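These are the residues of each chain, in order.
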Amino acid sequence: RAGRAVEAAGDVDVLLLDKTGTITFGNRSADAFKAAPGVDKNELIECALLSSFSDDTPAGKSIVKLAQKLLGKDAEGVTLPAGAAAIPFTAQTRMSGVNLPDGREIRKGSPDAIAHYAEARGFKVAQELRREVDAVAARGSTPLLVSENGRPLGVIELKDIVKPGIKEQFAALRRMGIKTVMITGDNRLTAAAIASEAGVDDFIAEATPESKLAAIRRFQKEGHLVAMTGDGTNDAPALNFANVGLSMGSGTSVAKDASDITLLDDSFASIATAVMWGRSLYRNIQRFVLFQLTINFAAITICFIGALFGTDMPVSYT
């Protein structure tokens, strides 16, 4: 989107990467429901279904699909009643759900967000449920907790897939002297598992748009030139603030507008290509400057010799 961006890409030494859609395919899908001790599994599934009817994300749609499959004929009676108020997900609350006309408040979200929500209403997450959350995260999946009126009901396991060949691409960037840092809203266990599988140098877990900006500022303050990749609306501030913002071609229009370079093919390998272009451009500029200095020095030398010996020596400056 600008020649300056390609030139700057050649000097990048830290690359921050949003996990979803960049390192992984981003189409997380529900794989299993794990009920808390003393909770009927169908109760968990029904509440997960109700909380996801208004969730248009791939993960939300997959929860509805799996829940309906597991409930079978019982799913026909689970519908969102008139007057229900959908609670959208935000990066600040890190949960979503629905308030039903009968007074029930159903939420699903990150384990820590639901734990705080539950504690504010006089409930605690059972140790068995916490261990299940950790087990899901350790597998590299994303755990979501579901609660009804603050009472934790169980865990939804969402699976995501790391893009093939990406570990080799990170190794190539490392050889180019670029440190890679994955940024994700997942908890530390999930983030560590994905980071290990993908082969990044470091990771930042439980990230918010504000913490992404803070990470960029920290690296810049340390003297690094920072590139940021992302594809979502929440990534736009970080893409705009980074020295080089890289958006995915399949990303939102807001992310593309905030970025300097858009990878139209959605290929992570194109990041390395952009860096190589920048470094090639810098080398070409160096060669051009050196060439001009050499030509000018030769011309000055000829003029000096001519003046020294008092001869008229024609000089061409072409």
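Right above here is the structure, for reference.
Since the model is a prediction, treat every value here as computed from it, not as a measurement.

**Focus on the overall build of the protein chain**
Reasoning step 1: Of regular secondary structure, the protein chain possesses 11 helices and 12 strands.
Reasoning step 2: By residue count, 46% of the 318 residues in the protein chain fall in the buried class.
Reasoning step 3: Long-range contacts, defined here as pairs at least 24 residues apart, represent 57% of the contacts in the protein chain between residues at least 6 apart.
Reasoning step 4: As presented, the protein chain carries roughly 16000 Å² of accessible surface, and 56% of it is formed by carbon and sulfur atoms.

**Re the sheet that holds strand 6 (residues 142-148)**
Reasoning step 1: Taken in spatial order, the six strands make up an open sheet running 2-7-6-5-4-3, and their pairing is antiparallel. Of all strands in the sheet, those with a lone pairing partner are strand 2 (29-35) and strand 3 (85-87), marking the two edges. Mean inter-strand twist for the sheet, computed between neighbouring axes without regard to direction, equals 20 degrees.
Reasoning step 2: Inspection of the sheet shows strand 4 (residues 95-99) paired to strand 5 (residues 105-109) by five bridges, in the antiparallel sense.

**So, helix 2 (residues 41-52)**
Reasoning step 1: With 12 residues, helix 2 should reach 16 Å at 1.5 Å per residue; the first-to-last C-alpha distance of 17 Å fits that figure.
Reasoning step 2: All buried positions along helix 2 are accounted for by L44, I45, C47, A48, L49, L50, S51 and S52.
Reasoning step 3: The inward-facing, buried residues of helix 2 abut strand 2, helix 3 (58-71), strand 4, strand 5, strand 6 and strand 7 (151-159).
Reasoning step 4: Measuring from the backbone nitrogen of N42 back to the side-chain oxygen at the start of helix 2 gives 3.0 Å, which picks out D40 as the cap.

**Examining unusual backbone geometry**
Reasoning step 1: Within the chain, R94 stands out as a residue other than glycine whose phi angle is a positive 55 degrees.
Reasoning step 2: The residue R94 is located in the loop between strand 3 and strand 4 in this model.
Reasoning step 3: Here the phi dihedral of E206 falls at roughly 50 degrees; this positive angle occurs in a residue that is not glycine.
Reasoning step 4: Relative to the helices and strands, E206 resides in the loop between strand 9 (202-204) and helix 8 (209-221).
Reasoning step 5: What makes E206 partly exposed here is its relative accessible area of 34%.

**Remarks on the layout of surface pockets**
Reasoning step 1: In this structure, the largest pocket encloses a volume near 1300 Å³.
Reasoning step 2: Around the largest pocket, the lining is made up of 48 residues, and of these T20, R28, T57, F89 and N234 lie nearest the centre.
Reasoning step 3: Looking at the lining of the largest pocket, the elements with two or more residues in it are helix 3, strand 3, strand 4, strand 5, strand 6 and helix 8.
Reasoning step 4: Here the residues of the lining of the largest pocket sort into 15 nonpolar, 22 polar and 11 charged.

**Some points on the nonpolar core**
Reasoning step 1: If you look at the biggest cluster of nonpolar residues, it comprises 36 residues, and the most contacted ones within it are F33, I63, I106, L145, V146, I156 and L158.
Reasoning step 2: Looking at this core, the elements with two or more residues in it are strand 2, helix 2, helix 3, strand 4, helix 4 (111-119), helix 5 (127-138), strand 6 and strand 7.
Reasoning step 3: With residues near it in sequence (within four places) discarded, I63 still touches A30, F33, A48, S52, K108, L144, I156 and L158.
Reasoning step 4: The next biggest cluster of nonpolar side chains, apart from the first, holds 26 residues, and it includes A8, I178, A205 and L263.

**Digging into the packing of aromatic side chains**
Reasoning step 1: On inspection of all chains with the given rule, the structure shows zero aromatic pairs.
Reasoning step 2: Note that R121 overlies the ring of Y117, its terminal NZ or CZ placed 3.7 Å from the centroid.

**Brief notes about the environment of M182**
Reasoning step 1: Along the chain, M182 turns up in strand 8 (residues 179-183).
Reasoning step 2: Assessed through its relative accessible area of 0%, M182 is described here as buried.
Reasoning step 3: Along the chain, M182 and L16 lie 166 residues apart, while their C-alpha atoms are 5.9 Å from each other.
Reasoning step 4: Not counting chain neighbours up to four residues away, the residues in contact with M182 comprise L17, K19, I23, A191, I194, A195, V200, D202, F203 and I204.

**Brief notes about helix 6 (residues 166-175)**
Reasoning step 1: Residues of helix 6 that are buried: I166, F170 and L173. Taken end-on, helix 6 shows its buried residues confined to a sector of 55 degrees, consistent with a single buried face. In this structure, helix 6 carries E168 and R175 as exposed residues pointing more than 90 degrees from its buried face.
Reasoning step 2: Taken from the residues just after helix 6, G177 is the one with a positive phi, measuring 85 degrees.

The rules behind the values
Residues numbered from 1 in each chain as written. Predicted model: local features only at pLDDT ≥ 70, side-chain atom pairs only at ≥ 80, totals over all residues. Heavy atoms only, no water. Helix = DSSP H or I, 4+ residues; strand = E, 2+ residues; numbered from the N terminus. Buried < 20%, exposed > 50% of the residue type's maximum accessible area, 1.4 Å probe, protein only. Contact = heavy atoms within 4.5 Å. Areas by Shrake-Rupley, 256 points an atom, 1.4 Å probe, with all protein chains shown as cover. Pairing = 2+ DSSP bridges. Axes fitted to C-alpha atoms, helices over the stretch in contact; angles between N-to-C directions. Expected span 1.5 Å × (residues − 1). Polar contact = N/O pair within 3.5 Å; in protein donor to acceptor, adjacent residues only side chain to side chain. 1 Å grid on protein atoms, 1.4 Å probe; cavity = no way out; pocket = protein on both sides within 12 Å on 5 of 7 lines; lining within 4 Å. Points joined across faces, edges and corners; volume = space filled by probe spheres on them. Nonpolar A, V, L, I, M, F, W, Y, C, P; charged D, E, K, R; others polar. Core = buried A, V, L, I, M, F, W, Y, C linked by side-chain atoms within 4.5 Å. Phe/Tyr/Trp six-rings, centres within 6.5 Å; stacked < 30°, edge-to-face > 60°. Lys NZ or Arg CZ within 6 Å of the ring centre and 35° of its normal. Arc of directions from axis to C-beta.

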